[in-house]
Number of protein chains: 2
Amino acid sequence: MATLKYSRQRASIKEYLDHTTEHPTADTVYLHVREEFPRISLGTVYRNLNLLADMGEAIKITTPDGGDRFDGNTHPHYHVVCTCCNRVFDLHIDEAHINTMNKLAEEHFDGTIDSHATLFYGTCQDCLTQKTSRES
Amino acid sequence: MATLKYSRQRASIKEYLDHTTEHPTADTVYLHVREEFPRISLGTVYRNLNLLADMGEAIKITTPDGGDRFDGNTHPHYHVVCTCCNRVFDLHIDEAHINTMNKLAEEHFDGTIDSHATLFYGTCQDCLTQKTSRES
DNA sequence: CTTAATGCAAAAACTTTGCACCGCT
DNA sequence: AGCGGTGCAAAGTTTTTGCATTAAG
């Protein structure tokens, strides 16, 4: 089996994910990490993001618009996407709720449930404020 | 403003969505509708699926793997994707739960919440059975 | 030295779009 | 007739992949 080998690029990507709350797309990660590794390729970014997600060290957030987004916060939580500015926000829900939902789902499904992802759609405060000021 | 005009192609697509439970991808819809309209194009299928989704006559299910899927059942409900065979199943949850979740989320979010989509990950009975029979 | 990871570029997968023509109203 | 829808093909977007080279163990 393939043993994972350290790479400075992957470390940098993980470091970035762990310190940002903006839920970047692969391309945003690429643009950022490129400041430290000017020769890094987008392919490498994708490979490492997928690796991190597979290892459980990052979460891949599938969104309807644009590309997937990545989150270094692996603690179970939900997300809100603002349908106005497209930004993604964390939403912390009582942790017990996550398990409760999985169990509830399993009762209604002929099979086993491992996990779930919930994406809320709404409008963030910034966008609400901008709309209000435009209605003058 | 653009008035919506009837089209046999769109009617056929909607008819198909309303009578299947397989949550087809755009391509699957294309392959199916092509039996009735051999000259229909994939572009037309995409245009109509997006139209139906915008009109609230279908739901677009964003999945992590492959393309988006479509559901003619617009009644609020959740979905389970089998991580083994990639099929998508309906999951009927108490309707009140949907609103409760939106309100709950709004309490924890600085903005407004309109809706949410939840996708469960699990293994369907068919795949569980196949795994068991392989472990002989 | 051995093998995983990278950079690069090409390709794959999915979706949208411009345009001339067709069909609904 | 007027305008929206279609078919077709081309292009756009996002993600993956083959391969020679580089770097980690």
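Residues numbered from 1 in each chain as written. Chains lettered and ligands numbered in written order. Predicted model: local features only at pLDDT ≥ 70, side-chain atom pairs only at ≥ 80, totals over all residues. Heavy atoms only, no water.

- Looking at an unreviewed UniProt entry, one finds chain A named Transcriptional repressor, with Dorea formicigenerans as its source organism.
- According to UniProt, the comment filed for chain A under the heading Sequence similarities (unreviewed entry) is "Belongs to the Fur family." (UniProt positions renumbered as here; feature names shortened; annotations may be inferred.)

**Here we look at the domain arrangement of chain A**
All names here are of chain A.
Stage number 1. Entries for chain A in the domain assignment read domain 1 (1-71) and domain 2 (75-136).
Stage number 2. Facing ten residues of domain 1, the contacting portion of domain 2 comprises eight residues.
Stage number 3. Summed over both partners, the interface of domain 1 with domain 2 comes to about 700 Å²; 59% of that surface belongs to carbon and sulfur atoms.
Stage number 4. Linking domain 1 with domain 2 are zero salt bridges, by the criterion used here.
Stage number 5. Every element with two or more residues in the side of domain 1 that touches domain 2 is listed here: β1 (59-61) and β2 (69-71). (Domains from an automatic or database assignment. Contact = heavy atoms within 4.5 Å. Buried area = accessible area lost by both parts, 1.4 Å probe. Salt bridge = Lys/Arg side-chain N within 4 Å of Asp/Glu carboxyl O. Helix = DSSP H or I, 4+ residues; strand = E, 2+ residues; numbered from the N terminus.)

**Digging into the protein's contact with DNA strand C**
Stage number 1. Of all residues adjacent to DNA strand C, which total 24 residues, the nearest are A:Lys5, A:Ser7, A:Arg39, B:Tyr46 and B:Asn50.
Stage number 2. Atoms of DNA strand C within 4 Å of the protein belong to the sugar or the phosphate in 75% of instances, the rest to bases.
Stage number 3. Contact between DNA strand C and A:Lys5: a base oxygen at 2.7 Å from a side-chain N or O atom of the residue. (Near = heavy atom within 4 Å. Polar contact = N/O pair within 3.5 Å; in protein donor to acceptor, adjacent residues only side chain to side chain.)

**Considerations on the state of the cysteines**
Stage number 1. Per the stated rule, a full pass over the model turns up zero disulfides over all chains.
Stage number 2. Take A:Cys84: it sits in no disulfide, and the sulfur closest to it among the cysteines is that of A:Cys127, at 3.1 Å. (Disulfide = S-S within 2.5 Å.)

**A word on the interface of chain A and chain B**
Stage number 1. On the chain B side, the residues contacting the 33 residues of chain A number 33 residues.
Stage number 2. In total, chain A and chain B occlude about 2700 Å² of area from one another, counting both sides; carbon and sulfur atoms represent 65% of this.
Stage number 3. Considering only the side of chain A, the residues that lose the most area to chain B are A:Phe109, A:Phe120 and A:Tyr121, jointly responsible for 20% of the buried surface there.
Stage number 4. The interface formed by chain A and chain B includes zero salt bridges.
Stage number 5. Connecting chain A to chain B are 13 residue pairs in polar contact (both at pLDDT 80 or more).

**Structural notes on the sheet that holds strand β4 (residues 88-91) of chain B**
Stage number 1. A sheet is described by the order of its strands in space; here six strands give the open sequence β4(A)-β3(A)-β5(A)-β5(B)-β3(B)-β4(B), paired in mixed fashion. The two strands at the open ends of the sheet, each matched to only one other strand, are β4 (88-91) of chain A together with β4 of chain B. Adjacent strand axes in the sheet meet at a mean angle of 30° when their direction is disregarded.
Stage number 2. Bridge count for strand β5 (residues 111-124) of chain A against strand β5 (residues 111-124) of chain B is 13 bridges, and the pairing is antiparallel. In the strand pairing of β5(B), A:Thr112 is matched with B:Thr123. (Pairing = 2+ DSSP bridges. Axes fitted to C-alpha atoms, helices over the stretch in contact; angles between N-to-C directions.)

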